[in-house]
Amino acid sequence: MNTAPTARGVRGIRGVPLEGQVAVVTGAARGVGALLARKLSAHGVHVALVGLEPDGLKDVCARLHTAGDVWEADVTDHAAMTRVAGEVKERFGKVDVVVANAGVAAGGPFETSDPVAWRRVIEVNLIGSAVTGRAFLPVLTESRGYFLQIASLAAITPAPMMTAYAASKAGAEAFAHSLRAEVRHRGVRVGVGYLSWTDTDMVRGADRDDVMRELRGRLPWPANRTYPLGPAVDRIVAGIERRAAHVYGQRWLRGMQPVRGYLPSLIGVLGSREVSRLDGRLGTVATGLVGAGGAADEAARGG
């Protein structure tokens, strides 16, 4: 825990000061979650870090600018997350922001995918987000707070070789949109954050597979690039400041929304061509969860 003096408060478009707020970030040991926690703390936010990697969480917590604390919990475990919600409220007195960021991924053809890994992607990315929302909604209602669901470009445009990830992120997006209508009259705001390929352990882990890396590299620009983590997280922080309904880690993602209805048909044609071209190599694609975060999830479950 770090109890360094808080940074000077920052006001968003709606005049909500970040300084002194309490935020919960799941999947906070690495990647988006870790950097988001640090950047929020630089604005004077007290951060509760939730995840499966206690050593990583403690390392992130030690580098916060404000008072923070660590909770080791599986976001798919309702009892554990309900306990965390109560303990965070007891520790900090309130919860203003919850970011459902925890996520894992697995790639490759659906037919030969590992059914356990495939199911786990759905469990963490979709069910884990819903469990997080259910656990923290009572305290967010008390504070008239904000729930931010981290989704993905995959929610807007599903792609081949990503069936579990695309399904989970599309489901998480729909969950958040539905929840928004249910809780707005109680003062709780709900947002969805969209990220394209961003420089994280998950993306680097996927790129270790030659077929997946080649397939991603042949996506149309600008979806074939890997984007730096810092600017994407800065945009998430800005979205939290203004309690935004939609947050875009890369600006061009906003332009995908008006045309998203046409994308599945387009991907169905272009993606089929690429998969056909790679057909002889698809059997070499690794199964299981990708990246260091995936390995941590498997280890925590005794995999």
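Relevant structure appears above.
Residues numbered from 1 in each chain as written. Predicted model: local features only at pLDDT ≥ 70, side-chain atom pairs only at ≥ 80, totals over all residues. Heavy atoms only, no water.

*Asks:* Help me out: how do you make sense of the overall build of the chain in this one?
*Replies:* Of regular secondary structure, the chain possesses 11 helices and 7 strands. Against the 2.2 N^0.38 benchmark of 19 Å for 303 residues, the chain shows a C-alpha radius of gyration of 19 Å, consistent with a compact globule. For the C-alpha atoms alone, the extent of the chain along its principal axes is close to 55 × 45 × 30 Å. Within the chain, the fraction of its 303 residues that count as buried is 52%. Taking as baseline every contact in the chain between residues at least 6 positions apart, the subset at least 24 positions apart corresponds to 71%. Of the charged side chains in the chain, 37 are positive and 29 negative; the average position of the first set lies 9 Å away from that of the second. (Helix = DSSP H or I, 4+ residues; strand = E, 2+ residues; numbered from the N terminus. Rg over C-alpha atoms; globule rule 2.2 N^0.38 Å. Buried < 20%, exposed > 50% of the residue type's maximum accessible area, 1.4 Å probe, protein only. Contact = heavy atoms within 4.5 Å. Lys, Arg positive; Asp, Glu negative; His and termini not counted. Charge placed at Lys NZ, Arg CZ, Asp CG, Glu CD.)

*Asks:* How should the sheet that holds strand β4 (residues 97-100) be read in this particular structure?
*Replies:* Pairing between the strands of a sheet is mediated by backbone hydrogen bonds and can be parallel or antiparallel. The strand order across the open sheet built from 7 strands is β3-β2-β1-β4-β5-β6-β7, with neighbouring strands paired in parallel fashion. The two strands at the open ends of the sheet, each matched to only one other strand, are β3 (68-72) and β7 (246-248). Mean inter-strand twist for the sheet, computed between neighbouring axes without regard to direction, equals 20 degrees. Here β4 runs beside strand β5 (residues 146-150); their pairing, made up of 4 bridges, is parallel. Paired with A100 across the two strands is Q149, which belongs to β5. Helix α4 (residues 115-143) rests against β1 (22-26), β4 and β5 of the sheet, and its axis sits at about 175 degrees to β5. (Pairing = 2+ DSSP bridges. Axes fitted to C-alpha atoms, helices over the stretch in contact; angles between N-to-C directions.)

*Asks:* Quick question: what am I supposed to make of the pattern of salt bridges here?
*Replies:* Pairing between side chains of opposite charge can happen when their charged atoms approach one another. Summed over the entire model, instances satisfying the criterion amount to 17 salt bridges. Here D297 and R301 are joined by a salt bridge, their closest N and O atoms 2.7 Å apart. On the basis of relative accessibility, which here comes to 4%, the residue D297 falls in the buried class. Overall, the relative accessible area of 37% leaves R301 in the partly exposed class. Through salt bridges with shared partners, one network takes in R30, E53, D199, D201 and R204. (Salt bridge = Lys/Arg side-chain N within 4 Å of Asp/Glu carboxyl O.)

*Asks:* Is there a simple way to think about empty space enclosed by the protein in this case?
*Replies:* Here the idea is plain: a probe the size of a water molecule rolls over the atoms and shows the empty space left. Across all of its chains, the model carries 2 cavities of 30 Å³ or more by this definition. Looking at the lining of the largest cavity, the elements with two or more residues in it are α4 and α6 (163-183). For the lining of the largest cavity, the class distribution of residues is 6 nonpolar, 6 polar and 1 charged. The space that makes up the second largest cavity amounts to roughly 30 Å³. In this structure, the second largest cavity is lined by G133, L137, L140, F147, L179, V183, V188 and V190. (1 Å grid on protein atoms, 1.4 Å probe; cavity = no way out; pocket = protein on both sides within 12 Å on 5 of 7 lines; lining within 4 Å. Points joined across faces, edges and corners; volume = space filled by probe spheres on them. Nonpolar A, V, L, I, M, F, W, Y, C, P; charged D, E, K, R; others polar.)

*Asks:* Sorry if this is basic, but what is going on with the pairing of β1 here?
*Replies:* For a regular strand, side chains alternate in direction, first toward one face of the sheet and then toward the other. With respect to burial, β1 is a largely interior element, 5 of its 5 residues being buried. Here β1 shows a buried face lined by V22, V24 and T26 and a second buried face lined by A23 and V25. One ladder, built from 5 bridges, connects β1 with strand β2 (residues 46-51); its direction is parallel. Considered in β2, the bridge of V24 is made with A48. Handedness of the β-α-β unit built from β1, helix α1 (residues 31-42) and β2 comes out right-handed. Strand direction decides the pairing type here: β1 and β4, joined by 3 bridges, are parallel. By the bridge assignment for β4, V24 is matched with V98. (Right-handed = clockwise from strand over helix to strand, strands pointing away.)

*Asks:* Is there a simple way to think about the packing of α1 against helix α9 (residues 229-241) in this case?
*Replies:* The relative placement of two packed helices is expressed as an angle between their axes plus a distance between the axes. The geometry of α1 relative to α9 is characterised by a closest axis approach of 9 Å and an angle of 55 degrees between their N-to-C directions. In terms of orientation, α1 lies oblique with respect to α9. The crossing of α1 and α9 is right-handed. Residues G31, V32, L35, L36, K39 and L40 of α1 lie in contact with α9, whose contacting residues are L229, G230, V233, D234, I236, V237 and I240. Among the residues forming the contact of α1 with α9, the class breakdown is 9 nonpolar, 2 polar and 2 charged. (Parallel < 35°, antiparallel > 145°, perpendicular 65-115°, else oblique. Left-handed = near helix turned anticlockwise from the far one by under 90°.)

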